[in-house]
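For reference, the chains in residue letters:
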Amino acid sequence: ATSFSGSGHDGYTGVTTAGTGTLAGNPLFSTRSAAMSLYNDCEECFVDQRKRLLEPSVSAHIKSLGDVRNMIALTRLGSSYVLRVCQLERQLYEHFFPLNSDEEESPVLTAALSGICDIFYTELRPQILQENELEKLVYLIEVLKTEVLGDDVPRRGAAGTVFAPSAVRAIA
């Protein structure tokens, strides 16, 4: 029979415990710790490789939109494109590294997606600074506040949450 008084035999692993509070000596604890370390290494490697793969193509696409020199089109198309890329990347990440519903976003993924969102800001900001027509700037702010931050960002969930700071910085 199994003893519940603090020492006994674990029927699953064959490990005999000498009392509670001895996690450091428990081989299961060290194995779990090693597994979590490997899991974190895999997560970082996955995100790093995806970032290396995506950033050049996202940058090229956003730059091609910026070549038109139409800030409003760049804002609408660029934000939509970046939001969709972030949403797809988050879905791909969750396929390999599932998150519990109560678990916070992965800081590693959030940092990588923020880098992708900054590409949008980096392309849009110089155009804003060079614009001399006040009406265009006012319209751009309207588009960013109502269409992008008001409609697109909330609809995209966690991907939108990561993108929002880049859109706000463009307005500031």
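Structure: above.
Residues numbered from 1 in each chain as written. Predicted model: local features only at pLDDT ≥ 70, side-chain atom pairs only at ≥ 80, totals over all residues. Heavy atoms only, no water.

1. Describing helix α4 (residues 134-155)
The α-helix winds at 3.6 residues per turn, so residues separated by three or four positions along the chain end up facing the same way.
Right, on to step 1. For α4, spanning 22 residues, the distance from its first C-alpha to its last is 30 Å, which sits close to the expected 32 Å at 1.5 Å a residue.
Right, on to step 2. If you look at α4, its biggest bend is around 35 degrees, right at V148.
Right, on to step 3. For α4, every residue scored as buried is listed here: L137, L140, V143, L144, V148, D152 and V153. (Helix = DSSP H or I, 4+ residues; strand = E, 2+ residues; numbered from the N terminus. Expected span 1.5 Å × (residues − 1). Bend = angle between axes of the 7 residues up to and from the residue. Buried < 20%, exposed > 50% of the residue type's maximum accessible area, 1.4 Å probe, protein only.)

2. Some words on the packing of helix α2 (residues 71-96) against helix α5 (residues 158-171)
Right, on to step 1. Here α2 crosses α5 at 135 degrees, and the two axes come no closer than 8 Å. Compared by their axis directions, α2 and α5 come out oblique. Helix-helix and strand crossings are classified by hand; for α2 and α5 the assignment is right-handed. Between α2 and α5, the contacting residues are S79, V82, L83, C86, Q87 and R90 on the first element and A158, A159, G160 and F163 on the second. (Axes fitted to C-alpha atoms, helices over the stretch in contact; angles between N-to-C directions. Parallel < 35°, antiparallel > 145°, perpendicular 65-115°, else oblique. Left-handed = near helix turned anticlockwise from the far one by under 90°. Contact = heavy atoms within 4.5 Å.)

3. Here we look at the side chain of S166
Right, on to step 1. Examined against the element boundaries, S166 turns out to sit in helix α5.
Right, on to step 2. Judged by its relative accessible area of 2%, S166 is buried.
Right, on to step 3. A polar side-chain atom of S166 sits 3.2 Å from a polar atom in the side chain of D118.
Right, on to step 4. Ignoring sequence-local partners within four residues, the contact set of S166 consists of C117, D118 and Y121. (Polar contact = N/O pair within 3.5 Å; in protein donor to acceptor, adjacent residues only side chain to side chain.)

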